[in-house]
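Remarks on the overall topology
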Amino acid sequence: MRAAKSREIYQSRLDRAITFINDHLSDDLNLEQIAQAAHFSPFHFHRIFAAIIGETPHKFMSRVRLERAANMLVKMPSFSITEIALACGFSSSATFARSFKKHFGVTASSYRKSGAALSIQPSAALHPNSGNSAKHTLTLDIQVKMMPRFHVAYVSSSRGYAFDQIYYAWNKIYKWAAARDLITPQSKMLGISFDDPLITPEDKCRYYACITIPEEITFDEKVGVMDIPGGKCATARLTCTAEEIRLAYRFFYTWFPDSGYQPAGSSYEVYYATPDTRPDKKYVLDVCVPVMPL
């Protein structure tokens, strides 16, 4: 029991470090800053991070920067390659060019051209090896509206978008909130999907299971606490299975080219009902993608 509690606390601290990295990718981060966010000494933090996450902090940060750049290349066409390089924390376009080609095997400009075509193949993204992906279609009523800021507690999925790990994260955050009498009729459940599985290896995709909490709660040793910023989002209401949620995200990228908008941040879902509460065993949720003008 003590070992399980200790691992929970370590994971929560590392989640805070990862959230800090994600929020400051454009900055010139150093190990001391990241370790401080996790309340570890730099010496111990480096070893603990590598042991639990499977990458050193430097390799993790470099990979996430490159993957964010790849997303921006494909999904934010109004940004130049140099602007993307600087926005993702690279000191120069030359440094970015070398790192990008080493990681992805192609130049950033080539990736932008080929990636644009790949990003709008929703059925292939949902079932890349099924051979019958053409049967999976989805039409959404996408609307652009202002979404509020959400103050949330969260638990991360430790193995990306694997459904069993996502369910584990939801179970953990729900039990945490229920034990503290934080679940009320006003509570909202949100899932944050940070990565595109067409760009990031699926077992490294980052997912947070979140529940809204009172503003006065700013820290807890067992879970992370953060704000999901308010702002303009492209949104769509879905009644669907878990697998169809991924298909919905791919559909958004067939909508963007004619919309006058481009993605501007991490997408998330707001859940209103889950399969265990409905006779059709489906989710009811809004998919929300932050947007900015082209």
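Because the structure is a prediction, the values reported are computed rather than measured. (Residues numbered from 1 in each chain as written. Predicted model: local features only at pLDDT ≥ 70, side-chain atom pairs only at ≥ 80, totals over all residues. Heavy atoms only, no water.)

**With respect to the pattern of salt bridges**
- Taken as a whole and judged by the stated rule, the model has twelve salt bridges.
- When the shortest N-O distance is used, the salt bridge between Asp 227 and Arg 149 registers 3.0 Å. Placement of the pair is Asp 227 in strand S5 (residues 224–228) and Arg 149 in the loop between strand S1 (143–147) and strand S2 (150–156), with a sequence separation of 78 residues.
- With a relative accessible area of 42%, Arg 149 lands in the partly exposed category.
- Residue Glu 202 pairs with Arg 246 through a salt bridge whose shortest N-O separation is 2.4 Å. Taken together, the residues Glu 202 in the loop between strand S3 (189–193) and strand S4 (207–212) and Arg 246 in helix H10 (residues 242–255) connect sequence positions 44 residues apart.
- Shared partners join several salt bridges into a network, and the residues in it are Glu 55, Arg 63, Glu 67 and Lys 204. (Salt bridge = Lys/Arg side-chain N within 4 Å of Asp/Glu carboxyl O. Helix = DSSP H or I, 4+ residues; strand = E, 2+ residues; numbered from the N terminus. Buried < 20%, exposed > 50% of the residue type's maximum accessible area, 1.4 Å probe, protein only.)

**Re the side chain of Asp 196**
- Turning to its location among the elements, Asp 196 is positioned in the loop between S3 and S4.
- Judged by its relative accessible area of 6%, Asp 196 is buried.
- Among the polar contacts listed, one links the side chain of Asp 196 to the backbone nitrogen of Leu 198, at a separation of 2.8 Å.
- Not counting chain neighbours up to four residues away, the residues in contact with Asp 196 comprise Asn 71, Lys 75, Cys 205 and Arg 250. (Polar contact = N/O pair within 3.5 Å; in protein donor to acceptor, adjacent residues only side chain to side chain. Contact = heavy atoms within 4.5 Å.)

**A look at the packing of helix H4 (residues 57–75) against helix H6 (residues 93–104)**
- Across the interface, H4 lies against H6 with an axial gap of 11 Å and an inter-helix angle of 95°. The angle between H4 and H6 places the two elements in the roughly perpendicular class. Between H4 and H6, the contacting residues are Arg 63, Leu 66, Glu 67, Ala 69, Ala 70 and Leu 73 on the first element and Phe 96, Ser 99, Phe 100, His 103 and Phe 104 on the second.
- Residue composition of the contact of H4 with H6, by class: seven nonpolar, two polar and two charged. (Axes fitted to C-alpha atoms, helices over the stretch in contact; angles between N-to-C directions. Parallel < 35°, antiparallel > 145°, perpendicular 65-115°, else oblique. Nonpolar A, V, L, I, M, F, W, Y, C, P; charged D, E, K, R; others polar.)

**What to know about the environment of Met 72**
- On the secondary structure map, Met 72 appears in helix H4.
- Each C-alpha atom, one on Met 72 and one on Tyr 154, is 26 Å from the other, the two residues being 82 residues apart in sequence.
- Sequence-distant contacts of Met 72, that is, excluding residues within four places in its chain, are made with Pro 77, Phe 79, Ile 84, Ala 87, Cys 88 and Arg 112.

Geometric values such as these leave the question of function open.
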